[in-house]
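Structure at a glance
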Amino acid sequence: MADFGLYAYQEEVVQRALKGENVIIWLPTGGGKTRAAVYVAKKHLETTANAKVMVLVNKVHLVDQHYNKEFEPILGSRYQLAKILYNAMINKEEFKHVELSDITLLIIDECHHTHKESVYNKIMRCYVEKKLLRQKPLPQILGLTASPGTGGKSTLDCAVEHVLQICANLDSVIVSTKNYVPELKKNVPKPMKTFDIVEKRGADPFGDRLKWIMKQIHEYMDVPPDFKLRECGTQEYEGDVMILEQRGVRENNRRLAQCAIHLREYNDALLINDTLRMMDAFRSLEEFYSTKAAKAFDGTDIFLVGLFNENQVELKNLATNVVYENPKMAKLESVLLNQFTPGVQSKGILFSKTRKSTHCLYDWVTKNTALQEAGVKADILTGAGNGNTHMTQNEQSNTIRRFRKGSLNLLISTSVAEEGLDIPECNLVVRYGLLTNEIAQQQASGRARARDSQYSVVAQAGGPELRREHINDFLEELTQKAIAKVQSMRDAEFYRKRIELQIEAVSSSKTSEDCKTEKKGLFAASNVKILCRSCFKAVASGSDVKLLENSHYVNINPDFKEFYRQGERVLLQKRFEDWEPGCTVICNNGNCNKDWGFEMKYKESNLLPNMAIKNFALETPVGRMTVKKWKDAPFMVEEFSFEEYCYNNMPDLFD
């Protein structure tokens, strides 16, 4: 293995996998899990007849990364490599479909995601079902993780149960280095952790004004007497107003629903005010109301927009008063300046919660004279997707490339940089305004891999971020103890427990599927009306909706066009085989203007409105309801038939 460049601890953790066992490799971020997996894949290909190796990753950008950086350079000269996605394992078209029995080695990156209804677990549930039925052949499993976590559990017994469940889901044992821990610690040094604490603002007139406005809305909306709102400016309050919005829709109370939506925006502004600059919070509200000013549907909209307009000047004046600026920003500046000084080669990642916050922080860094004089060259790194604040995969790759070469030395990132992305060693990682679990914390900390690196937590004294960080420290230790306990189990006991959990999981899954099927059949599709979630106008029947390519819910009724107007053209980064996006679909009932989804140009000529169910309400025979996803709708949606659609809508083709 020496010629392959493995460290002794890597050689140790691959031994059981080389013997054909199903194994989870547990090594810290930066410990070389992927390199160990490439070695196992190489040996497997050399020693297994008709070998086929598949690598599963949980983010699209990691497909290219693992292919280009790890697998192709080492295996590409001798073996045929290709990039496929999970869809190949569920595609019903034979020429696009991949069966588990077609694979001889299945490598699962970030395998701690193999739980509940994740894509990984759906694949492994098929594997486990086949295994329990003694159906062969099945591939060897190799999982990779920096931490399986505790599943949110805080006792050792429960944490052990969680680790055992992950092992059962992956039908694997979990291995780590025992004999070469010093070498691992030398190659993956832990950063120095600092808690950079600030005291609470002495006064916050901007935040107080926001709370006063929220109080006016509370009084206007007439909060139901059986409902108690929790403290403004918290995640709990956000949850409360989301429930109120749903209740307003169900009870045909537009005042309650719309006030709840606006209260959520004010609550977001309070959360931003607590983490970023006052002007960031003000701009967030200003941006929201810029889309509402000329679109009042009824008296509720007039009141809410008018209330903001009446307070807009005062809010801006308060937001620009530097006397009351957020002290966390000054502390963050101090932490950055301690690492970034002229002439010193430093690299850092600043982790923040949302895409919006990364853009605000970038604006702050680039306008901060002290940071610019210190040589900070920053850019944003967020997840790929569609929308103004998303990045393309090419933009992600280009940003990381510039960071590696040194033309950037600070990434301002969401959680996308915590897990999987190949980012060079950093000597500073800052977690700012984050409430995450112990897995995310460990992965973020693992980005600070340079010698004498620092892991900083910037937080308010006694605040939720600080409490969460201490909880995560405890859970990290608990994870290690739980893994050690699982590894010390007698083989017979471990395998017995693993099979028990597998049988239980398969049974539970079947029960859950039966419940979903039963729920789907609660009502006939023709007995369900689809309403605009904002103005409550009935615009479609459940029977108008069909499922296209197992993922798009389109309205095939040509009369649906009477209820919407076209908005801006949708631009997607990805090209699709049979369709392309058209324009957004917007409610045309008066000044409602609720965004419903977008048109799809299918088979080059047919415009089909793709409906996002979260933007609608469902009127059923027993009352009104809302759901986040189509899978939760209480009626069956039939599959789209292109031939039937053409026959009904373009009869001339069949003459």
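Residues numbered from 1 in each chain as written. Predicted model: local features only at pLDDT ≥ 70, side-chain atom pairs only at ≥ 80, totals over all residues. Heavy atoms only, no water.

Looking at an unreviewed UniProt entry, one finds the protein chain named RNA helicase and attributed to Nothobranchius furzeri. Check the Sequence similarities (unreviewed entry) section of the UniProt entry for the protein chain; it says "Belongs to the helicase family. RLR subfamily." Note on the protein chain: under the UniProt heading Catalytic activity (unreviewed entry), the record states "ATP + H2O = ADP + phosphate + H(+)". (UniProt positions renumbered as here; feature names shortened; annotations may be inferred.)

1. Comments concerning the nonpolar core
Ile-25, Leu-106, Ile-107, Ile-108, Leu-142 and Leu-170 are the most contacted members of the largest nonpolar core, which has 60 residues in total. When near neighbours in sequence (up to four residues on either side) are disregarded, Leu-170 contacts Asn-22, Ile-24, Ile-108, Cys-111, Thr-114, Met-124 and Ile-141. (Core = buried A, V, L, I, M, F, W, Y, C linked by side-chain atoms within 4.5 Å. Buried < 20%, exposed > 50% of the residue type's maximum accessible area, 1.4 Å probe, protein only. Contact = heavy atoms within 4.5 Å.)

2. Quick word on the sheet that holds strand β20 (residues 616–620)
Read from one edge of the open sheet, 4 strands run β13-β12-β20-β21, paired in antiparallel fashion. Of all the strands in the sheet, the pair left with one neighbour each is β13 (538–541) and β21 (623–625). Here the strands of the sheet are splayed against their neighbours by 30 degrees on average, with no regard to which way each runs. (Pairing = 2+ DSSP bridges. Helix = DSSP H or I, 4+ residues; strand = E, 2+ residues; numbered from the N terminus. Axes fitted to C-alpha atoms, helices over the stretch in contact; angles between N-to-C directions.)

3. Re helix α12 (residues 299–319)
The first and last C-alpha atoms of α12 sit 29 Å apart over 21 residues, in line with the 30 Å expected at 1.5 Å per residue. Of all bends in α12, the biggest is about 45 degrees, found at Gln-312. When we look at burial in α12, the residues that qualify are Thr-300, Asp-301, Leu-304, Val-305, Leu-307, Phe-308, Asn-311, Leu-315, Leu-318 and Ala-319. In this fold, the buried residues of α12 make contact with α8 (205–221), α10 (254–275) and α11 (278–290). Sitting at the head of α12, Asp-298 places a side-chain oxygen 3.1 Å from the backbone nitrogen of Thr-300. (Expected span 1.5 Å × (residues − 1). Bend = angle between axes of the 7 residues up to and from the residue. Polar contact = N/O pair within 3.5 Å; in protein donor to acceptor, adjacent residues only side chain to side chain.)

4. Brief notes about the pattern of salt bridges
Counted under the stated rule, the structure contains 36 salt bridges. With a closest N to O distance of 3.3 Å, Arg-125 and Glu-117 form a salt bridge. Residues Arg-496 and Glu-500 are paired through a salt bridge, measuring 2.7 Å at the closest nitrogen-oxygen approach. Remark: Glu-500 and Arg-496 occur in helix α19 (residues 491–520); sequence separation between them is 4 residues, near one turn of the helix. (Salt bridge = Lys/Arg side-chain N within 4 Å of Asp/Glu carboxyl O.)

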